[in-house]
Structures are given as C-alpha cells and as structure tokens.
Amino acid sequence: MRAPARTHATGAASTALRRTLESSRRPARVLAAFPSGVYLEVRSDLEPHVIAVVTGEATRLPNAMVVGDPIPRVSVGADASVGDGAIEIGSLSLRAHRWWDPAPPLGPVDPVRLAQALPVMTELCDRSPKRPGLEGNGAAGLLAEGCSEASLLRGIMAAEQLVGLGPGLTPSGDDMLAGLLVALRHLGTAAGVGRAVWLADWLAAAVTFDARGRTTPISATLLHCAARGEASGEVLAVLRGLAGRQSLESALHRLLQLGHTSGADLAWGLRIGLSSVLDLREGDRRDR
Amino acid sequence: MVQVRTGTYHDSVSLMRVSQALSGLPGVEAAMVAMATELNRGIAAELGFALPACGPADLLVALRADDGTAAARAAAELDRLLSGLAVRTAGRDAAGHPPRTVRAALREAAGTAGNGGTTANGGTAAGAAGEGDATLVLVSVPGPHAFAEALDAVEAGLPVMIFSDNVPVEQEVLLKRRAEETGALVMGPDCGTAVIGGAGLGFANVLRPGPVGIVAASGTGAQQVACLLDLAGVGVGHILGVGGRDLSAEVGGLSTLRALEAFDADPATELIVLISKPPAPEVARAVREAVEKLATPVVTAFLGPGEDDLTAAAESALRALGAEPPAWPSWPAVSPGEEPSGGEGGPGTGAAAPGEAPEAGIGSSRAAAGRRTLRGIYSGGTLCAEARLVAGTGEFTDYGDDGYTRGRAHPMIDPALRLEALAAVPSGDVVLLDVVLGHGADPDPAARLAPAVAAAVARGVSVVAALVGSEGDPQGLAAQAQALRAAGADVFASNARAARHAARLAGAR
Amino acid sequence: MTLPMLSGEPRVITAGTEVLGEALDAQAVPRVTVDWRPPLPGTAGDLARVLADPRRAAANARAVDRLTSARPQLAAVRPAHEVLDLPPGAFLHAGPPITWERASGPMRGALIGAMLLEGLAGDEEEAAARLAAGAVRLEPCHRHRTVGPMAGVVSRSMWMFEVRDAEHGGTAYCSLNEGLGKVLRYGAYGPEVIGRLRWMGEVLGPVLRAALELTGPLDLRALIAQALQMGDELHNRNRAATSLLVRELAPAMVEAAPRHAAEVLRFAGGNDHFFLNPGMAACKVSADAARDVPGSTLVVAMARNGTDFGVQVSGLGDRWFTGPAGVPDGLYLGAYGPADANPDIGDSTITETAGLGGFAMAAAPAIVRFVGGDVSDAVAATRSMYEITLAEHPAYQIPGLGFRGTPVGVDVTLVARTGLLPTVNTGIAGRVAGTGQVGAGLVSPPASAFTAALAALAEAVPAG
C-alpha cells in the first residue's frame, strides 16, 4: 500500500521553535485539536516541547507556527513529527518561510511613563467584565506583595502555589505567572530596573523547574517561554501600549478577550509585574 | 491564431507564465499571451503575427503551431490556464467584491475595523478594533499606473513599497514629498526587495529577526549583506528598500533620510546598515549629516571605487555589534570523476575553501596558461557592479537590467538569457555568475543552471558562482551549493570573494 | 518619526503582480488583494496630472463635506414665475443644453405640452413649428438651481417645490409630480395631461403652499434618512418617503384648505413617486453646496436630456461634459419592449449624484428586480459604488449593510481608474412623443463624459 501523497504548506514560525525545528526529526503526537489550531507534544527535552500550529485568526502563541491555509482535521493522539526543518502532521508537511520574534526588545522607556500607565491599566482592567480566575485567592495576593517588596522568599512561595492552579488547558495561576515573568523582564529591562530582571530570573527558575510535572504540557511550555520573555502577540501589544508606543486601551481590550479567563489572568500578571517594576525602582533608587 | 479578448485582465507575470507554458507544448512554434499594450503589440508583430485593432485593456492571444491538432491542444490548455487565473482571483475574497483600488482596500479595512468585534468566532482574538488595519501597501501594477495606487497609500499615511519600474521621476519626487507630510514612507519605485517584520516582499530572503536594520537603494546589495549577517548568526529586523534613484540629485535621498529616522526611532534596531551605489555628492553630504545626528550607529556601504564592498560592510556591521566575522562559507568545485562530499558535512567554511587555496583544484592549472577573459553573467545589478569593481577586469552583463527584462521575466525567475550567454562562452574563459535565493526567486535555480555549468566546465570554461541565500531560504542553501559545485562551479556565499577568486583564475591578480 | 509597521505583525495590501502576493501567503502574512485593472483607455496621462494636483485632496475633502453636511428643508411651494428667471417664451429642460433639432421624442412632446399649457400655441402642429423656428428659449434646469424629472420641462405657470439648505444657505427647485401614466414629463401632452397640469397650478400648488406655511420648513434630510430605512432608494422607489411626507402635511392641509384637502391627499397619496420631486430638490441643493471648489474632482451634477448624458464637476464651474445617453436596461410595462424605449432622460440622476438612487440600491430590496432580480445584486450595486465615491453619507444609512452610510460623491478620477460607471436607476420613457412611461430599470452613463471631464481637470491643473 502506498502512503498518501504529502501536502506541503508553509507559514511563519516563532524563533523559539528554530532549534527544535532544525534539530533532527523527533516523534510527536497531537495533544489537542481545534478548528483554528493543533497542539503537538514533541518527545524532546528542548523547550518549547509543545508546538502550536495555528491559523492566522488564532492567538499567536510564542510557541506557534502560523499557517495561511486551514489546518486539516486531525484527531487527538495522532502521530506527528518535528525536526529536519519540518513539522509533519498526518500527510501535511509544514516549513517556515518566515521567522518572527516572540520577545522583541521594547527599547528604553521612561519609568515616569510606566508610572502613568499603571493607574490607566488598573482602571481598564477593573472596568472590564472579564475577571481573572483567581480573584481573591490568597496566593495571588502574596505574589503581588512579595514582588513589590523584592522578597524572593515570599515571591517564590506564592509562585510555587500558583503553578497549575485552576482549571483548563492553561490554568489561571500559570497565566498570571506568565504575565508577571514577561512584564518583569521586558519592563525591567526597558526602564533600567535591574532588580526586576533579577527577580524575573529567580522566579523563572523556580517556576520552570518542575513545571512539566505540575501543570498541563501546553501550560508548562508557555511558562518556559515566559521565563525567556516570550509571549503572544496580544501580550506584546500591551507591553508596547504601556511603553506608549501604541494604544493601551485597544491592546488591553484584545488581550482581555482571550479565552475564558486567560486574557484577564495574563493582564493581572502584567499589572503585578508593572507595579513591581515601579516599586523595585524606588528600592533601586534608595539603595543608591 | 490571433485572438483579442475584451473584458479580461491579468497581470503581466501571470500571463508570462501562461505564455511560457504554452511555448513548451509540443508542436507550438510561438505563443504569446499578454495584455495588448503598445510594447506587447510590437513584440507580437516582431514574432510575425498580424494583429487586429486592440488596446491595453484587451487580452491578446497569439499562437502559431505546426498543425491543427497542436493548435487545438494549445488553445485548450490556454483556456484551462486562464480559467485557473480567474478562479484564483475570484477565490481570494469570500464576499465576492474584491476592492479595485488601494484606496478601496484601505476603506474596506477601516470599515471592518470600525465595526469591531462583530466576528462570530468568540474563541479567537481577531475582530477587535484596529486589528484588521493594513500596515503596508505593496504596489506592482505597470509603472505608468503605479502612481495612483501608491498615492492612495501615501495619502492614508501608510508605507508603500513600489515594486513597479518605469515610474517617472517627477512622480517619485511628488510621492516622497507628500509622504513627508503624511508620515508615510515610499519604498521605491523599482524597489525589488524589502523585509518587514520578517516578511519578505519581492526578492527577499528568509532571515532570522534581529537587531540590524538595512536601508537599501539596491535590492541585491541588501540581500547579500542580510544573508551574510544571517549566516553569521546575526538577525535582520527589517530591510527598507528606497528605490535605485532615491540618492540621485533629483530625489535627494528623501526616503533614505526617512528610513534612517524610522530605524533610529525603532527601539529594536541597534545598528543600521545603509547600502547604495555612490550617491550624488550633495545627497551624500545630506545623508552623512543626517547619520551623524542619529543615536543609532550606522554602517555605510556606498559601492564605488575605494569604498568597502558588501562583504566588508557586513563584517563592519558584525564588529560594530561585537561579533567576530566568521570565515564565509564556500563550496569548492567537484572535479570530474571526484565524488562530491555529502551534504551532511555542510559548506567547507574552513579547510578546502577555494578562495583560501587558489593554487589547488582545477582553476590553477589553466590559470597558468595565461590571461583568460572573465565574463560576468549576472542577474543582480548591484552584485554585478560590485563584482566588476572587485575583479577589476572582464566583461560584465547585468541581465536584470531594464534592457533585458522588457516583455520577459526577471533572470532571477527565468534563466533563459543567462543560459544562452553561458552556452556562448568560449572555451578557456572564466565565468562569474550570481545565484540569488529567497522569496520571489526561481524555486530551484540550480536545476536549470547546473547542466549548463557542467557543459561549460566540460568545454574548459571555469565557472565561479556567488550564491546569495540564507539557511532559511526555501530553495535550501546547502542543496543549491551542492548542485552547483557538483556541476563544476566554485561556489561562494560572498560575491566579493567569488569575484576575487574569478579574477585570480583569469590571471588578472 | 516612528513607523508602526516596524513593530507588530505586518498586514499587507497588494496591488498588481499576483506572484508577489502568493509569496506573502506562503509566509502567512495576512493580506488584502486589490483586483486591479488598467484605467479607462487614454486616461493615464490625465490621471497622473490630476492626481498630482496639490489642491485635489483638500478640495475634495471640502467639497464632499459640503455635499454631505447640507441640511435640505422643504421651505415652500411657489409658482415658477415667482422664483425663477423665466420670462415668457423661455422653458427649462432636463439635462445638458439641447436644441429642438437634437431633442428626442419625449423631450419634444413635453415642450409641445408646455407650449399648450402656457397658451403659446393653439395646437400640436403650431407648437412644434414655433419650437422648430426657435421661438422659445431653451435652458437647462441645472443652470437655474432647478431639477426636473424625465423631460424636466418647466414653464412659468408651473408650481415648484422650494428646498433650502439650512447649513450652507442654498436654494433649489423642482416641479410638482404629476403621477404615472400619460404625463408631461414622459412627453405626453394630450388634453388630460394639460388638464391635470392646470389643476396642479390651481389647486395642488396653493394647497401645498398653505399647508407648508402652517407646518413651517420640513426637514428633508431626516425624512430621507428614515425612508432609506423603510426600503426606499429615493429614485425608483419613493413609497415610504411619500407616505412620510403626506403624514407630515396632512393635518395642516386639512386645516389650511378643508375644501380641497381630501382631493389633494388622494392625489399625493395615490402617487408613489410624489416625493421624488422634493427629494430631487433636496439632492440638488446639497450637490450645489459642493460646487466651485477649485481643484475638486467631485461630480456635482449628472443629468440627461434624452439625447446626451452630461456631468458637471465641482472644480470646473458650470461646464458640461457629455456623451451619448444610453438606452436603459430594465423591465417593461405591458407589451412595451426595448424597441419602444427612448435613450436615458431626466435630471433625476441628481439622486445618484447625492448618494441615493442606484447608489442606495441595497436599501431597497423590494425593487431588486430592476437590477437583476436578486438582493445580492442590489448589495453588489451599492458596494461597487463605494469604489468611485469620496465618502459615506453620515445621515443616509443602509440597515442591511450594518447602517453603513450610502456611497456619496462620485470622483472623476476614481471612475477613470476603476472603469466603474455610476449605477443609475431610472424610469424609461417611450421614444414616441406622447407615449409616456414604458418601463424602469438601470442605465450606464457613457464613460466619455467622465474622461472628457478628466481631460478638462488635467488642463486646469496649475503649472508647476
């Protein structure tokens, strides 16, 4: 019996995938399938070990290959492979004809501008009917306090409680942490607040250490991405909005629409990160 | 058979593909399917077709076949190909009302964005206000009509890349002046290469994103530098083409200055590389002054006598970013009888690089026989000019020049003219040619070049190829290099090094 | 300067070579494809010149803003000789200027009718002879701030709707609608036609005048906006607008003229096109507000006299640019067919000029049979007009298109670039004088009228 003919397609891949794609071919399986995307789990220690293959309409996750044409229907558990330059799902073979950066540098930002953006962001989030999944949760509060005081102990304690907390493919706790990590790293770098980046490094190490064992595979991969400052287009747009490079309101509006609570959880994490960067900057200044 | 079809329009490149397909059918002596512009009517007349009255809005079909069967087959194939084009155009837009001008397209996009959030699919991110807004317009309509479409973009304050050539210079100046008022950027006209956010427009390579921004009045020049940087592991964020005339006295570098400013304001751009043929003196002064005011460092490559070549510019850029330039990849020719080393080992960056070891291999023995003529057979204008300067000898032809592309596809897509030229090179001479990979280029250039190269080598011609491509290019850099070297060409990733090597083979240096 | 395209995801509009667009598809770059075609033959040079005119963008913005911000109000109904420069022995007619020699059947019939009405001739033969001898001065309605449907013949004793623009202060006029069937505007001049015209002068006009004096000016902008939402496109369908107008005027008519109110209401209410005429005057006063903006390429009048189709352009004063009037393509009444049809006639294309009629076809699903039979054809007709217009009307909206404003303000350069001609809804007059209406449908204006206007615009571009 002859194998079915291969269909070749091309798309735009996150540079986070470049290493996995260019290394030799490894087996993978379909973890989840939606009309707008397929998640593949690759048998590999390399992160991201979950790869999202999505159409242009879907959220552009930092571990995504975006394709122009509709994705053929596949069933969960189906065999796939990734490597030698291609992603293969069933008879479909995908190659990258474009690479995009899931963690573009924000460039220098005046901390005064960030300070002005915080109340705006807080008001927009508070006004939104989209609520975070862990509103009122103690660990979430602890995380915010720990971060703004640069208390590594309290921050890490809270973060460890939050990993995998909540229902769904990407639990609310993970989304919060991802937002926080990305904000600390990018806004800290942009505003020249070294302690925020330092905090991001430590939290990232703590959170990613055993993420694969504590949360869903896709969420673990997204935490690994966030640890490196890699985020979805919606999150990056909010960062640009905070930096005054685009409309914060429309960027935040788009982010809040994501998923059931995902967008609101990410936004909450970003807020905690932003406010920590501002608090830590005060600390940096006092130390000087 | 000569036919005129009214009410049908297809772009010239699509029709060239149809013509090519028909010409290749058995029994077809000549085939031309084109819009009946003055130029195309002239070509058809030269081919000996008697034309009825027709104008640029009509589709002209001219076919000559050996017999009725062949003609009928060609006519059937023509209908199939044309209906394919029609389906493709219609299938684009689900609503069935594709916009007819750039202005209408902008208006549609704005209209959709204004209605915001009406998308039924709640699970996705699309549909929110501003999401659908275009960020860039790409115009490639025939030159005499490009102004209107480009002006739509400029008046809306949107960057526009004008791929079209034959746009009058006064229209270029007007567009660029208007762009200063509206905040737009005019890339072109005759801008063949741009990369925006990793997306290649026109002839462009698949590059890793990164800290370098390239401003280029020369498309292939930008491709060379970007590919070398990419091979060195340094990413290029964007290539802003400005059109070959931008740095002329008439245009005054208007787009170059704007592009420099835009990169300077872009937080992700850490280094700017400016590539152009030597500008008009007063423009060079203005550009230099502007560069001095920027906060972002600029590496300038004004290709001319006494200036850095493109490879040197790429190396300067790497050093400016604190990276040591690598040994540029090269792939020495496989001598007849010798087994080509497998593709696994990758390019011979170190040991057997022909540039490093000119005395080795097939080149040296013939070089001893005395001076040989160096013939540059190029598809990229800037690459051709660079090679001529670097080699300092030889006869160079740029087959991408307007004189050769009238009524036919660019040599990066259709190698026919270069293949003819290669076949005509007398035994004993040295051929230097460029092979450009990436979006827009021939999907497998080595497939048609390699047999011609092998034939030339068999006649005693030495062939040197500058292979301009990145590791991410769809043609596969390594595979193309292997195919060319297996045919007997010495292959270099650096055009300047290829030129030096070719000059040495010719006995000039 | 910052360039937003340098951050964020590229989204591209492509116009031209399709392979370049396909390369973007392969990179999953979202894009919108322009279905570009070459401009109308012979216009490339003129287009480049006119588009390069530095005045154009601002001039068009100003002109179309005046067109769409006009607030037409029905102010009065008065006899023509009171308000128009119309001495005895002068008639107005629809469309660009025309002579008796070149006039078509229905135009000649209407002129004969006006001769009889004004007592300038005893019978048909005498009227025709006098007209042929040049005894009557013929001038276009448009020259006198007036529009007239079909033949559009206006003579001294006829009564006129007077519409004022509350925004810019202009005034425009249109005659009263006679109803359907054998009527003067379709070239009929039999005794019942003349009799009806006399009754309109003696009863209808004065009653309307008296009623309006009681109600005060009526806001036609609001009325038209409502009618669009009730299924009118205001050219071939005026049923909703007529009802709205009658509803506004009825109480005042009863109060002002109790003896004639029932008779007048029966006449107005029994004529679905009663509103066409005040609607046309509303469009005329709006379009006139956009006149005479130097450098503007906006069309301020489209009109036909049964022989020629003419346009006027804001930046070119009151010059006419004409081409041969086409024969409408449509549905015919009874046993009539295309052979009975006269070439296109009437000033009612002022509705399309102001963004109504064929341009608002998508608002009027009830009459889609005129445009090909399908609601989707109506939507397509309206959508294609966005291609050649400068704006979307802020008040005149189409419910079926998500309350998008109607396409308004035809730009000569866009017509030349796209080759798309204005979609015009129209009634069809019989070619033989006195026949009356034989059908209704769609008509395409001649491209040459627009290319001639473009050439004149190119000549008018200041040097340098």
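Everything numeric here is computed off the predicted structure, so don't read it as measured data.

### Some points on the overall build of chain A
Inference 1: Along chain A, the regular secondary structure elements total 11 helices and 8 strands.
Inference 2: Its C-alpha atoms give chain A a radius of gyration of 19 Å, near enough to 19 Å, the size a compact globule of 288 residues would have.
Inference 3: A principal-axis box enclosing the C-alpha atoms of chain A has dimensions of 75 × 35 × 35 Å.
Inference 4: Here chain A holds 288 residues, and the buried ones make up 56% of them.
Inference 5: Taking as baseline every contact in chain A between residues at least 6 positions apart, the subset at least 24 positions apart corresponds to 67%.

### Quick word on the interface of chain A and chain B
Inference 1: Each partner contributes residues to the interface: chain A has 22 residues there, and chain B has 18 residues.
Inference 2: Only strand E8 (92-100) and helix H10 (248-256) of chain A provide two or more residues apiece to the side of chain A that touches chain B.
Inference 3: The element that contributes the greatest number of residues to the side of chain A that touches chain B is E8(A), accounting for 5 residues.
Inference 4: For the side of chain A that touches chain B, the residue count by class is 9 nonpolar, 8 polar and 5 charged.

### Here we look at the nonpolar core
Among soluble globular proteins, nonpolar side chains are generally buried collectively.
Inference 1: One finds Val53(A), Val160(B), Val273(B) and Leu484(B) to be the most contacted residues of the largest nonpolar core, which totals 395 residues.
Inference 2: For this core, the leading source of residues is helix H5 (residues 172-191) of chain A, giving 11 residues.
Inference 3: With residues near it in sequence (within four places) discarded, Val273(B) still touches Val212(B), Ile214(B), Val225(B), Val299(B), Ala301(B), Ala313(B) and Ala317(B).
Inference 4: By size, the runner-up hydrophobic cluster in this structure holds 19 residues, among which are Leu60(B), Val61(B), Ala62(B) and Ala65(B).

### Considerations on the domain arrangement of chain A
All names here are of chain A.
Inference 1: If you check the domain split of chain A, you get domain 1 (7-100) and domain 2 (111-287).
Inference 2: When each unit is reduced to the centre of its C-alpha atoms, the spacing between domain 1 and domain 2 is 27 Å.
Inference 3: The interface is formed by 14 residues belonging to domain 1 together with 13 residues belonging to domain 2.
Inference 4: Those elements that place two or more of their residues in the side of domain 1 that touches domain 2 are strand E2 (26-34) and strand E3 (37-42).
Inference 5: Here the residues of the side of domain 1 that touches domain 2 sort into 8 nonpolar, 3 polar and 3 charged.

### Some thoughts on the sheet that holds strand E14 (residues 345-346) of chain C
Residue and element names in this part refer to chain C.
Inference 1: One open sheet accounts for 4 strands, arranged E12-E11-E10-E14; its pairing is antiparallel. With partners counted over all chains shown, the strands left at the sheet margins are strand E12 (321-324) and E14, one partner each.
Inference 2: Relative to E12, strand E11 (residues 308-313) runs antiparallel, the two sharing 4 bridges. By the bridge assignment, phenylalanine 309 is partnered in E12 with glycine 323.

### Topic: the domain arrangement of chain C
Inference 1: The domains assigned to chain C are domain 1 (4-36), domain 2 (49-67 + 291-460) and domain 3 (71-281).
Inference 2: Placing the centre of domain 1 of chain C and that of domain 3 of chain C at their C-alpha centroids yields a distance of 53 Å.

### Overview of the interface of chain B and chain C
Inference 1: Counting residues at the interface gives 61 residues for chain B, matched by 48 residues for chain C.
Inference 2: Secondary structure elements with two or more residues in the side of chain B that touches chain C: helix H1 (12-23), helix H4 (102-115), strand E4 (136-140), helix H5 (143-155), helix H6 (169-182), strand E8 (199-202) and helix H8 (254-265) of chain B.
Inference 3: Examining the composition of the side of chain B that touches chain C, we find that 9 residues originate from one element, H4(B), more than from any other.
Inference 4: Sheet topology note: the E4(B)/strand E1 (residues 12-16) of chain C ladder contains 5 bridges and is parallel. By the bridge assignment for E1(C), Ser140(B) is matched with Gly16(C).

### Thoughts on the packing of helix H5 (residues 105-117) of chain C against helix H6 (residues 124-132) of chain C
All names here are of chain C.
Inference 1: Where H5 meets H6, the axes come as close as 9 Å, and the angle between the chain directions of the two elements is 110°. Taken together, H5 and H6 sit at an angle that is classed as roughly perpendicular. Residues Leu111, Ile112, Met115 and Leu116 of H5 form the contact with H6, whose participating residues are Glu124, Ala127, Ala128, Arg130 and Leu131.

### Let's talk about the confidence of the model for chain A
Inference 1: With 97% of its residues at a pLDDT of at least 70, chain A reaches an overall mean of 91.
Inference 2: Per-element averaging of pLDDT across chain A places helix H3 (residues 138-148) of chain A at the bottom with 85 and H5(A) at the top with 96.

### Re the sheet that holds strand E14 (residues 374-378) of chain B
All names here are of chain B.
Inference 1: The mixed open sheet is built from 6 strands, whose spatial order is E13-E18-E17-E16-E14-E15. Bordering the open sheet on either side are strand E13 (330-331) and strand E15 (395-398), each of which pairs with just one other strand.
Inference 2: Alignment of strand E16 (residues 430-436) against strand E17 (residues 462-468), held across 7 bridges, turns out to be parallel. Bridged to valine 431 within E17 is valine 463.
Inference 3: Sheet strands in contact with helix H7 (residues 219-231) are E16 and E17, and its direction is about 80° off that of E17.
Inference 4: Contacts from helix H14 (residues 416-423) reach E14, E15 and E16 within the one sheet, and its direction differs from that of E14 by about 165°.

### Side note on the packing of H14(B) against helix H15 (residues 445-458) of chain B
All names here are of chain B.
Inference 1: Here H14 crosses H15 at 10°, and the two axes come no closer than 9 Å. Between H14 and H15, the angle falls in the class roughly parallel. For the pair H14 and H15, the contacting residues are Leu419, Leu422 and Ala423 in the first and Arg448, Ala452 and Ala456 in the second.
Inference 2: When grouped by side-chain class, the residues that make up the contact of H14 with H15 number 5 nonpolar, no polar and 1 charged.

### Here we look at unusual backbone geometry
Inference 1: Going from Glu47(A) to Pro48(A), the amide bond is cis rather than trans, its omega being -5°.
Inference 2: Mapped onto the secondary structure, Pro48(A) falls in the loop between E3 and strand E4 (50-55).
Inference 3: In this model, Gly188(B) is joined to Pro189(B) through a cis peptide bond whose omega is 5°.
Inference 4: Note that Pro189(B) resides in the loop between strand E6 (186-187) and strand E7 (193-196).
Inference 5: Of note, the phi angle at Met150(C) is positive, near 45°, even though the residue is not glycine.
Inference 6: Structurally, Met150(C) is set in the loop between strand E6 (146-147) and strand E7 (159-165).
Inference 7: Residue Met150(C) is classed as buried on the basis of its 27 C-beta neighbours within 10 Å.

How each quantity is defined
Residues numbered from 1 in each chain as written. Chains lettered and ligands numbered in written order. Predicted model: local features only at pLDDT ≥ 70, side-chain atom pairs only at ≥ 80, totals over all residues. Helix = DSSP H or I, 4+ residues; strand = E, 2+ residues; numbered from the N terminus. Rg over C-alpha atoms; globule rule 2.2 N^0.38 Å. Buried ≥ 20, exposed ≤ 12 C-beta atoms within 10 Å, placed from the backbone. Contact = placed C-beta atoms within 7 Å. Nonpolar A, V, L, I, M, F, W, Y, C, P; charged D, E, K, R; others polar. Core = buried A, V, L, I, M, F, W, Y, C linked by C-beta atoms within 7 Å. Domains from an automatic or database assignment. Pairing = 2+ DSSP bridges. Axes fitted to C-alpha atoms, helices over the stretch in contact; angles between N-to-C directions. Parallel < 35°, antiparallel > 145°, perpendicular 65-115°, else oblique. pLDDT = per-residue confidence, 0-100.

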